[in-house]
There are 2 protein chains.
Amino acid sequence: MRRIKLVVAYDGTGYNGWQIQSTGATIQGELEKAISKVLNHKVSVVGAGRTDSGVHALAQVAHFDTTSSMDVQVMKKAFNANLPKGIVVREVCEVNEAFHARFSATSRTYRYFITKVNLPFFTRYAWFVPYELDVSLMKEVAKVFVGVHDFRCYGKPMVPGGSTVREVKRCYVKSRSGRLEVVVEANAFLRKMVRNMVGTVVRVASGKASLEDVKRSLEEFVPVNGVKPAPPQGLFLWKVEYRRDI
Amino acid sequence: MRRIKLVVAYDGTGYNGWQIQSTGATIQGELEKAISKVLNHKVSVVGAGRTDSGVHALAQVAHFDTTSSMDVQVMKKAFNANLPKGIVVREVCEVNEAFHARFSATSRTYRYFITKVNLPFFTRYAWFVPYELDVSLMKEVAKVFVGVHDFRCYGKPMVPGGSTVREVKRCYVKSRSGRLEVVVEANAFLRKMVRNMVGTVVRVASGKASLEDVKRSLEEFVPVNGVKPAPPQGLFLWKVEYRRDI
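Definitions and limits used
Within every chain, residues take consecutive numbers counted from 1 along the sequence as written. Think of it this way: whatever chain is written first is A, whatever ligand is written first is 1, and the rest follow in order. For a predicted model such as this one, the threshold for reporting local features is a pLDDT of at least 70, and the threshold for listing and counting side-chain atom pairs is 80 or more; totals across whole chains, interfaces and linings nevertheless cover every residue. Here the side-chain values reflect all heavy atoms present in the structure, with hydrogen atoms and water set aside. Alignment of the copies relies on least squares applied to C-alpha atoms, considering only residues that score at least 70 for pLDDT in both. Contact definition: two residues touch when any of their heavy atoms are within 4.5 Å. Each helix corresponds to a stretch of at least 4 residues labelled H or I by DSSP, and each strand to a stretch of at least 2 residues labelled E; elements are numbered beginning at the N terminus. We call two N or O atoms a polar contact when they sit within 3.5 Å, provided that within protein one can donate a hydrogen and the other can accept it, with sequence-adjacent residues counted only if both atoms are side-chain atoms. Working rule for helices: expected span equals 1.5 Å times residues minus one. For the exposure calls, accessible area comes from a 1.4 Å probe over protein chains only, and a residue counts as buried if that area is under 20% of its type's maximum, exposed if over 50%, partly exposed in between. The domain limits used here are those given by an automatic or database domain assignment. Buried area is calculated as the accessible area (1.4 Å probe) missing from two parts once they are joined, with the contributions of both summed. Think of a salt bridge as a Lys or Arg side-chain nitrogen and an Asp or Glu carboxyl oxygen that are within 4 Å of each other. Gly is placed with the polar residues, together with every amino acid not listed as nonpolar (Ala, Val, Leu, Ile, Met, Phe, Trp, Tyr, Cys and Pro) or charged (Asp, Glu, Lys and Arg). Side-chain rings of Phe, Tyr and Trp (the six-membered ring for Trp) are treated as a pair once their centres are within 6.5 Å; stacked means planes under 30 degrees apart, edge-to-face means over 60, and tilted covers the remaining angles. Note on geometry: a ring has a charge over it if NZ (lysine) or CZ (arginine) is within 6 Å of the ring centre and within 35 degrees of the ring normal. In this description, strands pair whenever DSSP reports at least two bridges between them. Think of a patch as exposed residues, more than 30% relative accessible area, with no salt bridge, where like charges cluster within 9 Å and nonpolar side chains (Val, Leu, Ile, Met, Phe, Trp, Tyr) cluster within 5 Å. Only the protein chains shown count as cover for residues, and the accessible areas themselves come from Shrake-Rupley with a 1.4 Å probe. Note that His is not counted, nor are the chain ends; the positive residues are Lys and Arg, and the negative ones are Asp and Glu. Charge placement uses NZ in Lys and CZ in Arg. For Asp and Glu, CG and CD serve respectively.

Q: Summarise the relation of the copies chain B and chain A; cite the residues concerned and give the values.
A: Take chain B, turn it by 180°, move it 0.0 Å along the axis, and it overlays chain A with an RMSD of 0.0 Å. Taken together, these values place the two copies in the relation of a two-fold axis. Closest to the rotation axis within chain B is the C-alpha of F121 of chain B, separated from it by 5.1 Å. Of the interface residues in chain B, 95% have counterparts in chain A that sit at the interface too, so the contact is made through matching surfaces.

Pasting the structure below:
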């Protein structure tokens, strides 16, 4: 049995998220269908992050097991020839069987794009926020999230009853010519965590909540009033990092 | 009667180009429908450039005449509320009746995007060229196009039998991290001219034609062998400039 690692980019528009659901096309489902067809046996694909409906990935990481002896470069071409246009396999390589796309990952980085300019090319890939945002305040809120915190106000664990403590390693805001970017790296994320963080950053930056409210949400678990998760189309799973020893 | 100028951005994907056709949705058609509905009388919209099927615009310019006294900012909101998501009116202003979106324009600038990296986010907005391109050679070809030339090998005039002489004011290639951009400014363009120019640039840069072939196409009207127009999705109408006195 060989374990194969994939790096996959996808445009999440129109998909019902990463994970196979009872209804609607999913990224995992499309990958399993294409790979099973190419390798001529049923495969199960495990991803590093279960992105929500409409969320994109620049470099999602996944693995599957196969009995096939097909060369990995041949696999890559064949997978892409059988996948819909919005899903692209960027890398295929054989890995040690100890490698697990989800459990061996040490960090995930997401990027969230906000646009002040309403252009049709950004509609699928950014959140259009027409009102004024205080960028220096956004940067302050981002800093508050950094560190080990109980993020129970920002999302639910994937496993019911699981821990809501996560380590945010980096969280910062980049601003350039009409475009804002929120970058977050953590060991792992709760469901909708990045979108709730971005929704909070924008809420404070538009003057509707304070920095103190954000601190209280992490220390006393009082949710910031009126925060909604930022819409999915601005979010990209950007990078997944792994232990060096496997 | 008031003459109104519009600046419009659109994602050309799925549209049958700018100009109203007997079949398929067009940008001009969608604009006329939305504006006529808002102003409650039939309007005709004249555009600066008739972009082909699948070509985008960052800032197409158009005009129409109306008897309505509606404020231009109110118009802008109402037009956008009635347009499909892929078409955005960016500016609305009242102009002198001597202003004509097509005839008063002194230059049009197009940008063409080429990507070396196959990512799903670029599929709608760039030409994916997987083979090696000699960027310094691309820059040389671009220079050859600058000046007043008979571009009969590069496209047909909009009016049958019309002149094929055009003045290319600027033509250059920008390269950064996996992305190439061909920028062309001219007084006016022939049909498919930019796409044929880009197809030629890429043909030479991949070693299948020479700089001499390109010069010959402009001087002796021998078409460069094997050139196909670059695909529409990489092309953006970027800017239209006007005489200052109207």
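There is more to say, and it comes next.
Q: A description of the side chain of E181 of chain B should follow, citing residues and the corresponding values.
A: All names here are of chain B. The residue E181 is located in strand 9 (residues 179-186) in this model. A distance of 3.3 Å separates the side chain of E181 from the side chain of R179, its partner in a polar contact. Discounting chain neighbours no more than four positions away, the residues touching E181 are R111, Y112, F113, Y172, V173, K174 and R176.

Q: Give me helix 1 (residues 27-39) of chain A: which residues, what numbers.
A: Residue and element names in this part refer to chain A. Between its first and last C-alpha atoms helix 1 spans 18 Å; for 13 residues at 1.5 Å apiece the expected length is 18 Å, and the two agree. Among the 13 residues that make up helix 1, 10 are buried, leaving the element largely enclosed by the rest of the structure. Along helix 1, the residues classified as buried are I27, Q28, E30, L31, E32, A34, I35, S36, V38 and L39. Of the surrounding secondary structure, the elements contacted by the buried residues of helix 1 are strand 1 (2-10), strand 3 (56-66), helix 2 (72-82) and strand 4 (87-95). The N-cap of helix 1, judged by a side-chain oxygen 3.0 Å from the amide nitrogen of G29 a few residues on, is T26. Following helix 1 by one or two positions, N40 has its phi on the positive side, about 65°.

Q: An account of the domain arrangement of chain A is requested, with residue identities and associated values reported.
A: Residues and elements named next belong to chain A. Its domain assignment divides chain A into domain 1 (2-95) and domain 2 (106-242). Summarising the inter-unit geometry, the C-alpha centres of domain 1 and domain 2 are found 27 Å apart. On the domain 2 side, the residues contacting the 15 residues of domain 1 number 17 residues. Counting each side, the surface lost to burial between domain 1 and domain 2 is near 1,400 Å², with a carbon and sulfur contribution of 56%. Together, D52, H56 and L58 form the three largest contributors to the area buried by domain 1 at its contact with domain 2, with a combined 34%. Put simply, domain 1 and domain 2 have three salt bridges between them. Among the salt bridges present, the one from R191 reaches D52, with a minimum N-O distance of 3.7 Å. Counting across the interface, domain 1 meets domain 2 through 10 residue pairs in polar contact (both at pLDDT 80 or more). Tallied by class, the residues present in the side of domain 1 that touches domain 2 amount to six nonpolar, six polar and three charged.

Q: Give a description of the interface of chain B and chain A that names residues and reports values.
A: Contacts between chain B and chain A engage 19 residues on the former and 18 residues on the latter. Regarding the contact of chain B and chain A, the summed buried area is about 1,400 Å², with carbon and sulfur atoms giving 75% of it. Between the two partners, chain B and chain A, sit zero salt bridges. Put simply, the parts of the chain that give the side of chain B that touches chain A at least two residues each are strand 1 (2-10), strand 3 (56-66) and strand 4 (87-95) of chain B.

Q: Summarise the packing of aromatic side chains; cite the residues concerned and give the values.
A: Residues and elements named next belong to chain B. A complete count under the given rule lists 28 aromatic pairs over all chains for this structure. On the numbers, 6.0 Å between centres and 50° between planes, the contact of F113 with W238 is tilted. Here the residue F113 occupies a position in strand 5 (residues 105-115), and W238 occupies one in strand 10 (residues 235-242), the gap between them amounting to 125 residues. Classification of W238 as partly exposed rests on a relative accessible area of 25%. Its end group placed over the ring of F221, R152 keeps NZ or CZ at 4.1 Å from the ring centre. Cation over ring: K208 sits above Y131, and NZ or CZ is 5.2 Å from the ring centre.

Q: Now, about unusual backbone geometry: what can you tell me, with residues and values included?
A: All names here are of chain A. One non-glycine residue, S177, lies in the positive phi region at around 30°. With respect to the helices and strands, S177 occurs in the loop between strand 8 (165-176) and strand 9 (179-186). A positive phi angle, near 65°, is found at K192, a position not held by glycine. Residue classification places K192 among the partly exposed residues on the basis of a relative accessible area of 40%.

Q: Requested: an account of the pattern of salt bridges, with residues and values cited.
A: Within the structure shown, the criterion is met by 28 salt bridges over all chains. Here D65 of chain B makes a salt bridge to R3 of chain B, at a shortest N to O gap of 2.8 Å. Here D65 of chain B, found in strand 3, pairs with R3 of chain B, found in strand 1; they are 62 residues apart in sequence, far enough to count as distant. Salt bridges sharing common partners tie together D52, R191 and R195 of chain A.

Q: Tell me about the pairing of strand 8 (residues 165-176) of chain B, and please be specific about residues and values.
A: Residue and element names in this part refer to chain B. Where strand 7 (residues 147-150) and strand 8 come together, four bridges link them in antiparallel fashion. Considered in strand 8, the bridge of H149 is made with R166. Where strand 8 and strand 9 come together, eight bridges link them in antiparallel fashion. Residue pairing for strand 9: V173 is matched across the bridge by V182. The antiparallel hairpin formed by strand 8 and strand 9 contains two residues in its connecting segment, where S177 sits at a positive phi of about 30°.

Q: Can you tell me about the environment of Q19 of chain A, naming the residues and giving the values?
A: All names here are of chain A. Mapped onto the elements of the fold, Q19 is located in the loop between strand 1 and helix 1. Judged by its relative accessible area of 33%, Q19 is partly exposed. The spatial distance from the C-alpha of Q19 to the C-alpha of R50 is 6.1 Å, given a sequence separation of 31 residues. With sequence-adjacent residues up to four places away left out, Q19 is seen in contact with T26, Q28 and R50.

Q: How would you explain a positive patch on the surface if you had to name every residue and give the values?
A: On the surface, K174 and R176 of chain A together with K174 and R176 of chain B cluster together into a positively charged patch. Note that R176 of chain A resides in strand 8.

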